[in-house]
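# Structural overview for review
Residues per chain, in single letters:
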Amino acid sequence: MKVLKTASVGALVGSILLAGQVSGLTGNQVQRSDVPQLVQPDGSYPTIPLEKDVVVLKVIQTGVNSLKSFPSIQEGLDFNLSHMEKMANEACSTGKKPDILLYHEFPLTGYSSGSRTEKLPYTVQIPGPETDRLGEIASACDTYLIFGSYATDPDWPGHILSINTVINREGVVVKKFWKSRNIKRLYADREITTTTIEAVRDKYRAMYGAEEEFPVLQTEFGNIAVSTVQFDPFIFAAFAMRGTEIMLRTATLFDEADVTYTAFTNNFYSAMSNFALPINPNYSAGESIIVDNRGKILAKEPTKDKDGIIEAEIPIAAFRQGRKIPNFALELAKPVFEQYRQEIPINHLDVPREQLPETGQAMKALFDRISRFIGEGVNTE
């Protein structure tokens, strides 16, 4: 089996400004001199040679089973792993052989409700025995295997992370994509408590480097990135500027237009793997999709409440030929971006364990307190 050669790169796009172009930074903004070269000035981007001209992407849609619903955590993990194995075996034995398998946000741990302390046991560490087992699937199928999960890390005690893991064809974890940021002000009474890069940005940068804030994995099947972010064009513009060719997304429910339009505006192929739920008029689950770089849907799972596998071919060699990063109106928009201040400051969860918000309601109270738009956090500087 071919030995994979990979390289990881990342980006900073907090204010959509390139290194060395900003002066007079204050507060949590980090001097641009601390940031390495993240975007090529000629519109090119790093790659490694392709192994084949056309790659096969398969998206696996399954139901979601919370570890809390099982007699023990281990029984829940075994059940979910067995189901992931079953679906992977089906994907690898029917249709075209996949080069990439994409699961949704929570196929392994399921979604957990409750307080931070209640949720922490229902996580995994990556790498770990679960990724070892999934690695066997990837190796047997000769495919990349990608999935989302709640996770914890000894370097981040008390934090609940949302991690998208990439396992290569040899069965080895080659990348962990942290969620860039959570959507905010979506609910009237609460906020999401998982820790994102934005929530601990300075510490994250010090530990892993600014190039890991928007990492792109260079593979023999193309440049891939993975994200659970939704409705956030800046995030995907950053990934595009860093050379993403295939944007893989994992979801807990999603809007189809977000995926199609994001792919079109950033000129990359994309896919969204959603989980299946019983039919309910209050939400729309399922219907996972694969789209091309013009937003055209190449494959769509027709069901909302059932397991399913969809596939599409990506002509990666032809797509890459002569391709440059997107042509954004940065210079035109720069004066506006320079004056904009986001409502919730970065680094808001870089606090001692005992100060981490326990609940979504406590998270909302924190946001209201530090908001630059309302409350005590209002600041006109």
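Anything mentioned here points back to the structure above.
Thresholds applied
Residues numbered from 1 in each chain as written. Predicted model: local features only at pLDDT ≥ 70, side-chain atom pairs only at ≥ 80, totals over all residues. Heavy atoms only, no water. Helix = DSSP H or I, 4+ residues; strand = E, 2+ residues; numbered from the N terminus. Buried < 20%, exposed > 50% of the residue type's maximum accessible area, 1.4 Å probe, protein only. Contact = heavy atoms within 4.5 Å. Pairing = 2+ DSSP bridges. Right-handed = clockwise from strand over helix to strand, strands pointing away. Core = buried A, V, L, I, M, F, W, Y, C linked by side-chain atoms within 4.5 Å. Disulfide = S-S within 2.5 Å.

Structurally, serine 113 is set in the loop between β3 (100-102) and α2 (116-119). Given the relative accessible area of 41%, serine 113 is considered partly exposed. Each C-alpha atom of the pair serine 113 and lysine 68 lies 8.9 Å from the other, and the pair is 45 residues apart in sequence. In this structure serine 113 touches Lys68 and Lys119, once residues within four positions along its chain are discounted.

Strand direction decides the pairing type here: strand β5 (residues 161-167) and strand β6 (residues 173-178), joined by five bridges, are antiparallel. Note that in β6 the partner of valine 166 across the bridge is lysine 175.

Turning our eyes to something else, we now look at the pairing of strand β2 (residues 55-61). The two faces of a sheet get side chains in turn, since along a regular strand they alternate between them. Among the seven residues of β2, seven are classified as buried, and the element is accordingly described as predominantly covered. Of the two faces of β2, the one lined by Val55, Leu57, Val59 and Gln61 and the one lined by Val56, Lys58 and Ile60 are each fully buried. Pairing between β2 and strand β13 (residues 308-314): seven bridges, direction antiparallel. Note on β13: the bridge partner recorded for valine 55 is isoleucine 314. Here β2 runs beside β3; their pairing, made up of three bridges, is parallel. Bridge assignment links lysine 58 to a residue of β3, and that residue is leucine 101. With respect to chirality, the unit in which β2 leads through helix α1 (residues 73-93) into the neighbouring parallel β3 is right-handed.

In this section: the nonpolar core. Residues Leu57, Ile146, Val166, Ile224, Leu248 and Ile290 are the most contacted members of the largest nonpolar core, which totals 42 residues. Ranked by residue count, the leading element in this core is helix α5 (residues 233-241), at five residues. In contact with isoleucine 224, other than residues within four places in its own chain, are Ile100, Ile146, Val166, Phe177, Val216, Leu217, Thr219, Ile246 and Leu248. Counting residues in each nonpolar core, the second largest holds 35 residues, with Leu108, Trp178, Leu356 and Met363 among its members.

Inspection of the entire model under this criterion finds one disulfide. For cysteine 92, the disulfide goes to cysteine 141, at an S-S distance of 1.8 Å. Its S-S torsion of approximately -105 degrees makes the covalent link between cysteine 92 and cysteine 141 left-handed. You can see cysteine 92 sitting in helix α1 and its partner cysteine 141 sitting in helix α3 (residues 129-141), a full 49 residues away along the chain. Accessibility expressed as a relative area gives 24% for cysteine 92, which makes it partly exposed.

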